[in-house]
Amino acid sequence: MNTIQVEVVTPERKVYTGDVTMVIAKGVDGELGVQAGHVPIVTPLKVGVLRVKTTNGEQSIAVSGGFLEVRPDKVTVLAEAAELPEDIDVARAQASKELAEKLLAALESSRESDTAKVKAEIEVQKAAIKRAEMRLTVAKGKK
Ligand code: ATP
């Protein structure tokens, strides 16, 4: 089967590199499956699980937004943050989720909940919950 090179990088480090048969990513316009021969594209990514399929199996990577670029010879994921299952600190993700849920509840019941400032803060906490839940999902597949 044809393979394509994939690199998942963050501003801090290279998280994954390998030759894969398929990359499945959560683009802002929906799920995207990329194989060798895919047309060149650049798309923003949602917070979500990136799956790479190799001839030996499948690897999940927690990706907190960023961009995916497909070139003829290579797929690059430039992520704001990305972790392999074994890199995820489950207690930290659980604590982040609980804290964000508490803050969200307080913001939503605040008297100023319809002001632009509080609305923006509500979105920040919702995004934090999404990242934490996605990390917990990826960590469940820890080997
Ligand atoms: P937290 O509230 O725990 O800081 P966060 O969602 O605000 O989480 P990010 O801003 O997305 O964190 O990421 C900051 C850095 O911390 C990145 O390098 C990311 O890979 C790492 N990181 C965040 N959460 C975890 C986790 N649960 N386990 C391992 N690394 C994590």
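Remember, predicted model here, so these are calculated numbers, not experimental data. For every chain, the first residue of the written sequence is number 1, and numbering continues from 1 along that sequence. For this predicted model, a pLDDT threshold of at least 70 governs which residues receive local features, and a threshold of 80 or more governs which side-chain atom pairs are given and counted, while totals over whole chains, interfaces and linings are taken from all residues. In computing side-chain values, all of the structure's heavy atoms are included and hydrogens and water are not.

Enquirer: I would appreciate a short explanation of the pattern of salt bridges in the present structure.
Expert: Between side chains of opposite charge, a pair can form as their charged atoms come close. The working definition used for a salt bridge is a side-chain nitrogen of Lys or Arg within 4 Å of a carboxyl oxygen of Asp or Glu. Applying the stated criterion across every chain yields a total of eight salt bridges. The closest approach of N and O atoms between K97 and E101, which form a salt bridge, is 2.8 Å. Taken together, the residues K97 and E101, both in helix α1 (residues 90-108) and four residues apart, mark about one turn of the helix. For every residue, the accessible area (1.4 Å probe, protein chains only) is compared with the maximum for its type, and the residue is labelled buried under 20%, exposed over 50%, or partly exposed between those bounds. Residue class for K97 comes out buried when judged on its relative accessible area of 16%. Residue K97 is joined to E133 by a salt bridge in which the shortest nitrogen-to-oxygen separation is 3.1 Å. One end of the pair, K97, is in helix α1; the other, E133, is in helix α2 (residues 116-140), with 36 residues separating them in the sequence. Labels follow the DSSP assignment, with helices taken as runs of H or I lasting at least four residues and strands as runs of E lasting at least two, numbered in each case from the N terminus.

Enquirer: What am I meant to see in the environment of L107 here?
Expert: As for its placement among the helices and strands, L107 is situated in helix α1. L107 gets classed as buried once you look at its relative accessible area, which sits at 16%. Between the C-alpha atom of L107 and that of K119, which follows or precedes it by 12 residues, the distance is 8.3 Å. We call two residues in contact whenever any of their non-hydrogen atoms come within 4.5 Å of each other. Setting aside residues up to four positions removed in sequence, L107 forms contacts with S113, V118, E121, I122 and Q125.

Enquirer: Sorry if this is basic, but what is going on with the site of the ligand here?
Expert: In the vicinity of the ligand, the contacting residues are E12, A81, E83, D87, I88, D89, R92, A93, S96, R131 and R135. In the environment of the ligand, an oxygen atom lies 2.8 Å from a nitrogen or oxygen atom belonging to the side chain of R135. Accessible surface area values rest on a Shrake-Rupley calculation with a 1.4 Å probe, where residue burial reflects the displayed protein chains alone. Computed on the free molecule, the ligand has an accessible area of 590 Å², of which 66% lies beneath the protein chains in the complex. The dominant element in the shell around the ligand, judged by the number of residues it contributes, is α1, at three residues. Of the residues that constitute the shell around the ligand, the class distribution is three nonpolar, one polar and seven charged. Being near a molecule or strand, for a residue, means having at least one of its heavy atoms within 4 Å of it. Identification of polar contacts relies on pairs of N or O atoms within 3.5 Å, with a donor-acceptor requirement for protein atoms, meaning one able to donate a hydrogen and the other able to accept it, and with residues adjacent in sequence counted only if both atoms are side-chain atoms. Put simply, Ala, Val, Leu, Ile, Met, Phe, Trp, Tyr, Cys and Pro go in the nonpolar bin, Asp, Glu, Lys and Arg in the charged bin, and everything else, Gly too, in the polar bin.

Enquirer: Would you mind going over the nonpolar core with me for this structure?
Expert: Generally speaking, soluble globular proteins have nonpolar side chains that are buried together. Grouping buried Ala, Val, Leu, Ile, Met, Phe, Trp, Tyr and Cys residues that are joined through side-chain atoms within 4.5 Å yields what is termed a nonpolar core. Grouped together as the largest cluster of nonpolar side chains are 21 residues, with contacts concentrated most on V6, V8, Y16, V23, L50, I61 and L68. Counting residues per element, the ones that place at least two in this core are β1 (4-9), β2 (14-20), β3 (22-27), β5 (41-54), β6 (57-71) and β7 (74-79). Broken down by element, the residue count for this core peaks at four residues, all from β6. Among all residues touching I61, those that are not within four sequence positions of it are V8, V15, Y16, G48, V49, L50, A82, E83, L84 and V138. Judged by nonpolar contacts, the second largest core, of seven residues, contains A100, V118, I122 and I129.

Enquirer: So what exactly am I meant to see when it comes to the pairing of β1 here?
Expert: Looking along a regular strand, one sees side chains alternate from face to face of the sheet. Within β1, five of the six residues are buried, which leaves the element mostly enclosed by the surrounding structure. Bridge analysis of β1 against β2 gives six bridges, and the strand direction is antiparallel. Opposite Q5, over in β2, you have D19 as the bridge partner. Between β1 and β2, which pair antiparallel and follow one another directly, the connecting turn spans four residues. DSSP bridges decide pairing: two strands pair if at least two such bridges lie between them. The pairing of β1 with β7 spans five bridges and is parallel. If you follow V6 over to β7, its bridge partner there is V75.

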